[in-house]
Each structure stands twice: as C-alpha cells, then as structure tokens.
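The primary structure of each chain is shown beneath.
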Amino acid sequence: MTTPSRRRLMRDFKKLQEDPPAGVSGAPTENNILTWEAIIFGPQDTPFEDGTFKLSLEFTEEYPNKPPTVKFISKMFHPNVYNDGSICLDILQNRWSPTYDVAAILTSIQSLLDEPNPNSPANSLAAQLYQESRREYEKRVQQIVEQSWLNFGENEGEAEQKEGENTAIETPTEGGEGPSEPRDHDAPSGSGSV
Amino acid sequence: MSEPEDQMLTDDEDDFDCAYYDGDDIDIREDFDDEKCNSDAEQAKIESLDTFQVERLLNESVASLIEVSRITPSLAKILLLSYNWDVKKIHEMLNKDTEGTLLKSGVKPMSTAKRPANNTCLVCYHEDEELRALCCGHGFCVHCWKAYFETRLSEGVSSKISCMASNCMLVAPPEFVLRALDKASLRAKYERFLYRDYVMSHPELRFCVGKDCLMVVRSKETKPKKATCTKCKTSFCVICGVDYHAPTSCDTIKKWLIKCADDSETANYISAHTKDCPQCHACIEKNGGCNHMQCAKCKHHFCWMCFGDWKSHGSEYYVCSRYKENPSVAAEANHVKARRALEKYLHYFERYENHNKSLKMEEELREKIKRKIDAKVNEHEGTWIDWQYLHTAATLLARCRYTLQYTYPFAYYLEKGPRKDLFEYQQGLLEKEVEELAWAVERAGTSDRGALEAHMHRAEHKRITLLQDFFFSPSEYDAPSSSKFR
C-alpha cells in the first residue's frame, strides 16, 4: 500500500543514500517504512566527538504534515534530551514544517548536540552542569560517548549496509554495558568515515 | 462598632428603597422578577447577538480598518485577530512601524521565494505539478496544501495556519484555505473554527455557555456581573463564564472551584447527609431548604448548621455563619495545623454546599407553590394575581440564597481583620433573614401575607447591602487581595 507519507519516506530514503549529509545516516526497518533507525556521529571538536548515537524515528501516515517522534536509543547526556531519550527540539514540535525531511531532522539533532538550548532543559542536571561546571559536563558526556561504542559494536556498520538481518532483531540496550559481547572496543569504522 | 454600621445600614436602606421599590405594592408583585431584574445593578449590560449579527459587527471593524490602512479585507481580519480587534491600536502600530507590524502578524512575508525548478513541490517532491503559493512565493502542489490544511484543522488550528515553508510565518488567508479544501464538510468545519477564533479573540464577545446555544453575548463590562442569554436564558458571569458568583471575584471563585473539586470527596465523606437531633438523637434527613429544623419526634427546634437551639438564633445576632479561628494556631504542631486548615475549609464548604442543596430543594418548593396557586385559583379562592406574591417570595428567596452561597468562598479567602469581621457580620444578618424567609415561604399561604412581605423586604435589603459594600464598591482592601490570586 502506498500512501503519500510512505512515498515521501521512500524519497527521503533515496535522498539520504544519494546525497548523504555528513555524520548522519538512517534507514527504515525491514518490515515497516514508518519506523526508522538512525545513527548520529558526534560532531568533531565537541565533547560528543567520536560518539555513535543510535536513534529511532516513528512516522505516522500524516507525515510530513506532522513530525515523527524521535528518540535516542543510545544513552544520552544532554540538556535537551529526557532520560527516556525523547528530544526537546522546536522543529520537532511547534516549528515543524512539512518541508523538513529525515536528513534535515538528523542534521538538526546533530547540531543540537553542541548547541544546547539551556532555556528548555529536559535534563536539569545536564543543563546545570553545562552552565555552571563545563568540565564536569564534558566528563559526563565522555562517559556516554564511550557507552555508545559498546552498544554500537553489536551491529557495527549496519547503517552503511542500509539493511540486514540484524536490523530487525536488534534490541536497544539502554544504560551502558548491555548483554552483548563487545566485539569491537575500538572506535567503530563509522566514525572514521565522517 | 455596631453604631456606625447601623447608621450605614439605614443610609443604604433609603437608597435601595428608591432603587428597588419605586412604586406601589402592585408594582413589586408584577415586576420583581423580570423588569426590575434588568435594572438590577448585578446585571451586566449585554447585547445578545446571533451569528449573523456577530458577522456584521466583525465586518464593521474590518471596514473601519480598511478605511485607514488600505489592505484587503482578509488581511485586515488576520491583523485584527492578532491585535484583539483593536482598530485604534492597529492604526497606531501601522503609523509607527508599518513593516514590523505587518511582519509580526503574519500579513507580510519575511522573505519571498522564486518558483522552484521543474515546478517541483518541495513537500512531496513530485515534478511538473501545478503549484500554488501565498504572496511569499513558496509554491507547493494542491494535494500537499490540502493534506496540510486537513492536518492543521484536525489539530483545531484554523485562523493561524502559516505557510508550509520552514521559518515562513505568513498566515494563509481564508480564501486560500477554502480553495484548497475540496470537501464541503471540511470547508464548513474550517469556517466554524474561524468564527470561533474571531469571537474568542474579541474582548467584547463571549459565547453563551448554555448547552447547544449559538448566541454570542456582547458586553463592555469590566466587573464580573451577571449575563443572561436572551435566547436560552442561561445565566453566567460575563467575565469568566462560570456560574454567576457575586460577591466573590473571578480569580477567587476559580481557586475555590478547583479546591472543591479536589477536596469535596473528603468533605462528603466527613459530613454525611443525615444528622441526629441534638435533643432526642433521632436520625434526621434534611428535606427542605430551611436550616430551622424541627424534630418530628420530640418537636425540638434547632439549627441544622450549628445544632444550637433555634431560639438563640431568633433573639440575638446569628453567629452560626462565623468561623471561630483559634488564636493560638501558630504555636501548634503541623498536623494540628493541617487538621485546622481542613476544619476551616469544611466549615465554609459545608455551608456553601448546604445552600446549594437548599437551592435545589427550594426549586421544588417553587413548583409546589405554583401548583398550590393553581389549585387555589381553581377553587375560586382569589385570582392568580392575588397569590402571585407567593411565587415572587420563592424567587426572591432563591436569589438571596444564591448570593449567600457565594459569600462563603469569598469569606474563606478573606484575610482576618476588621474587613472580614464586617463581612461576616453582614453575612450573618443575611443568613438569618434568608432562613426566616425560607421558614415563612415554606409555610406561606396559611400565614400572614404582610409578615411574609416584611421578610422579603428585609432579606433583599441585607443582600443588597452586602453586595454594595463588597462587590460593587470594593474598597482599597480588594485591590491587593485580588491581584494576589492572579
């Protein structure tokens, strides 16, 4: 069944592959084009550098007239990200425009990482540390950057492969170590390609 | 203390004799309910408008704005909407900063765009589409506009739908939206929502709160007076739209109603619906509005609220409505304080709720009186006009009790001091008169008509005095206390 929203998501996917923006990637899950997974690489020269953060995007049939629900699956420590991974970002709420696509959403979230908006804190500790004790803030960010590698090891390179068995069966493991065997402790190849 | 007050009451009495009873007895009978009520100071000056009249009123504003600023009617409406229909203010703003005013209210585009290459719609990315754009030039295909408007409409947005382009705040004018919507039902929905937005943004207009009533009430009233819809006869506060609540202010009644919604379950639990007779301990259910109870078993007269002997109420000043605050509260432990706070709240809530229940029961009484009058007239015991005073008395009783009910939220939030003392004094007087009137009305027909009319006169007089002092001419005390609740 094709609907305007599904056709538009196919076009978003095509555009992401043909003209990929730097440092982000995403793909629909195997059996449902309304559910996407994405990776955002921490921007260089920021505390988030080398992090590989996984996100989920849930679209509805009203897309692009309504924004998707975007959440971090990887643990995040950021003033505008709630504990459950939900993101407080104006373009995902009241400033949404139907002209935005997946690439625009992901690059906006990527730039949010180093440009938090302390006026709408979703994580009050992160907001406080960001304003009052930048060193401590960066230390906490470094912790979640390292955690992101552990989880990423599970299906490394999946984003570049665009699809695969592991996409569907992959379960997000929140809160650090996780049950997986950390095959690859080194920085994943993904960050090298940024 | 009592002397100056007595003086004041007599003064007022003269005033109200003029305002309320400026005619002979027959006039009182005929007009007490209807015509006199309209000249009543509690009634807000209102105009009831139907949809057609509202449209005409709005179009007058549009026309006067077009005259001074030379913009199209639909843009004028957008401008009026964002400045609450204040033509003068818009004119001022336009003179001061035309560009900024038009940008801010979404009438003029921040930036303009060129037609996209290959006529590609930037939402669905289909090529060679027929593109439509607002004056900002952001072109999108008809299907995308339609889907976008339908989504916004399903979210309840109508008058402030902006262009689809990111960061473009230009508001889509109604004719553009209506052209894109193809279903008649959606167009009707859009126009309905638009109308709602227009009325709600207009400071002088308010929808009637009556069920399924489409009338709009227009008023320039700044005080929370009573508005009565001419069509469905529903009465409500002209400012905030809840039940009329004099002498309490809009902010206070809002607080009170929220508090009651939170606490009333507890209150219900604590104060059950029946009480025992203080003398013979027979279980008594209150089945009338009057607080003057007589035990059917032992014939003891007592007060339903304070359980005191009724005789003490009749001969001396009625103290039952006054909550006695314990002066040593501050020294007590927290749980005792909380208990006291609950007790204080329950004191006021019980009385508020009790009058509410009495009002409902007296509504039945009024019906009964109507039937009684009919029966008497049928038996040729006088004419309908002869017995009309009974009905008038019941109506007046309802009005006095209604005000009395709303004195309790007011007293609850009133700070301790001479002003509260005065208020509770007057409240006590009104309480006493209302109960005496209720007692007289319940036994009306058999008792003396002159005595009943004396009760009516006194009760209404006490009610007006209280409203006069605490509602119509709030003293300097009221300003800080009301702003505090905001």
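Residues numbered from 1 in each chain as written. Chains lettered and ligands numbered in written order. Predicted model: local features only at pLDDT ≥ 70, side-chain atom pairs only at ≥ 80, totals over all residues. Heavy atoms only, no water.

By the naming in an unreviewed UniProt entry, chain B goes by RBR-type E3 ubiquitin transferase and is assigned to Mesorhabditis belari. What UniProt records for chain B under Sequence similarities (unreviewed entry) is the sentence "Belongs to the RBR family. Ariadne subfamily." Quoted verbatim from the Catalytic activity (unreviewed entry) field of the UniProt record, the comment on chain B reads "[E2 ubiquitin-conjugating enzyme]-S-ubiquitinyl-L-cysteine + [acceptor protein]-L-lysine = [E2 ubiquitin-conjugating enzyme]-L-cysteine + [acceptor protein]-N(6)-ubiquitinyl-L-lysine." (UniProt positions renumbered as here; feature names shortened; annotations may be inferred.)

Chain A goes by E2 ubiquitin-conjugating enzyme in an unreviewed UniProt entry, where it is assigned to Mesorhabditis belari. Recorded under Sequence similarities (unreviewed entry), the UniProt text for chain A is reproduced unchanged: "Belongs to the ubiquitin-conjugating enzyme family."

Description of the overall build of chain A
Tallying secondary structure elements over chain A gives seven helices and four strands in all. Reading the helices (α) and strands (β) of chain A from amino to carboxyl end gives α-β-β-β-β-α-α-α-α-α-α. Here chain A holds 194 residues, and the buried ones make up 51% of them. If you take every contact in chain A between residues at least 6 apart in sequence, the share linking residues at least 24 apart comes to 60%. (Helix = DSSP H or I, 4+ residues; strand = E, 2+ residues; numbered from the N terminus. Buried < 20%, exposed > 50% of the residue type's maximum accessible area, 1.4 Å probe, protein only. Contact = heavy atoms within 4.5 Å.)

Concerning the packing of aromatic side chains
Residues and elements named next belong to chain A. Going through the model one piece at a time under the given rule, you end up with 36 aromatic pairs over all chains. Considering the side-chain rings of F13 and W36, the 5.7 Å spacing of their centres and the 85° angle between planes classify their relative orientation as edge-to-face. With F13 in helix α1 (residues 4–18) and W36 in strand β2 (residues 32–41), the pair connects residues that are 23 residues apart, well separated along the chain. In this pair, the class of F13 matches that of W36, namely buried. (Phe/Tyr/Trp six-rings, centres within 6.5 Å; stacked < 30°, edge-to-face > 60°.)

Comments concerning the interface of chain A and chain B
At the junction of the two partners, chain A supplies 12 residues and chain B supplies 16 residues. For the pair chain A and chain B, the two sides together bury roughly 1,100 Å², of which 55% comes from carbon and sulfur. Counting every contact that joins chain A to chain B gives zero salt bridges. Inspection of the chain A/chain B interface yields six residue pairs in polar contact (both at pLDDT 80 or more). For the side of chain A that touches chain B, the class distribution of residues is three nonpolar, three polar and six charged. (Buried area = accessible area lost by both parts, 1.4 Å probe. Salt bridge = Lys/Arg side-chain N within 4 Å of Asp/Glu carboxyl O. Polar contact = N/O pair within 3.5 Å; in protein donor to acceptor, adjacent residues only side chain to side chain. Nonpolar A, V, L, I, M, F, W, Y, C, P; charged D, E, K, R; others polar.)

Some remarks on the UniProt feature "coiled-coil region" (unreviewed entry) in chain B
The UniProt feature table records "coiled-coil region" (unreviewed entry) at residues 352–379 of chain B. Segment residues 352–379 of chain B splits into 96% helix and 0% strand. End C-alpha atoms: 40 Å apart.

Digging into the packing of helix α4 (residues 51–69) of chain B against helix α6 (residues 87–96) of chain B
Residues and elements named next belong to chain B. Close contact between α4 and α6 brings their axes to 10 Å; oriented N to C, the two are set at 20°. Here α6 runs roughly parallel to α4, going by the angle between their axes. The interaxial crossing formed by α4 with α6 has right-handed handedness. Where α4 approaches α6, its residues S61, S64, L65, V68 and S69 are matched on the opposing element by V87, I90, H91 and L94. Within the contact of α4 with α6, the residues separate by chemical class into five nonpolar, four polar and no charged. (Axes fitted to C-alpha atoms, helices over the stretch in contact; angles between N-to-C directions. Parallel < 35°, antiparallel > 145°, perpendicular 65-115°, else oblique. Left-handed = near helix turned anticlockwise from the far one by under 90°.)

Focus on α6(B)
Residue and element names in this part refer to chain B. Within α6, burial applies to V87, I90 and L94. Angular distribution of buried residues about the axis of α6 spans 60°; they occupy a single face of the element. For α6, exposure combined with an orientation more than 90 degrees from the buried face picks out K88, E92, N95 and K96. Where α6 is buried, its residues meet α4, α5 (73–82) and α7 (98–104). (Arc of directions from axis to C-beta.)

Quick look at the packing of helix α14 (residues 384–413) of chain B against helix α16 (residues 449–472) of chain B
How two helices pack is summed up by the angle between their axes together with the distance between the axes. All names here are of chain B. Close contact between α14 and α16 brings their axes to 10 Å; oriented N to C, the two are set at 30°. When the interaxial angle is binned, α14 and α16 end up roughly parallel. Handedness of the crossing formed by α14 with α16: left-handed. Seen from α14, the contacting residues are D386, Y389, L390, T392, A393, L396, R399, C400, T403, T407 and F410; seen from α16, they are R449, L452, E453, M456, A459, E460, R463, L466, L467 and F470.

Notes on the side chain of A:N123
Residue and element names in this part refer to chain A. Mapped onto the elements, N123 comes out in the loop between α2 (102–114) and α3 (124–132). Among the polar contacts listed, one links the side chain of N123 to the backbone nitrogen of L125, at a separation of 3.2 Å. If we ignore the near neighbours within four places in the chain, the residues touching N123 are F77, H78, P79 and V81.

What about the sheet that holds strand β1 (residues 46–49) of chain B?
Residues and elements named next belong to chain B. Ordered by their spatial adjacency, three strands build an open sheet running β1-β5-β4, and the pairing between neighbours is antiparallel. Here the strands that pair on one side only, and so sit at the sheet edges, are β1 and β4 (205–207). On average, adjacent strands in this sheet sit at an angle of 30° to one another, irrespective of strand direction. Two strands pair when backbone bridges link them, and β4 and strand β5 (residues 216–219) are joined in this way by three bridges, in the antiparallel orientation. Note on β5: the bridge partner recorded for R206 is V217. Those strands touched by helix α10 (residues 184–201) are β4 and β5, and its axis lies near 130° from that of β4. (Pairing = 2+ DSSP bridges.)

Structural notes on α4(B)
All names here are of chain B. With 19 residues, α4 should reach 27 Å at 1.5 Å per residue; the first-to-last C-alpha distance of 27 Å fits that figure. Along α4, the residues classified as buried are V54, L57, L58, S61, V62, L65 and S69. Projected down its long axis, α4 carries its buried residues within an arc of 140°, all on one side. Away from its buried face, by an angle of more than 90 degrees, α4 presents the exposed residues F52, E60 and E67. Lining the buried residues of α4 we find β1, α5, α6, α10, β4 and β5. One or two residues past the end of α4 sits R70, with phi positive at roughly 50°. (Expected span 1.5 Å × (residues − 1).)

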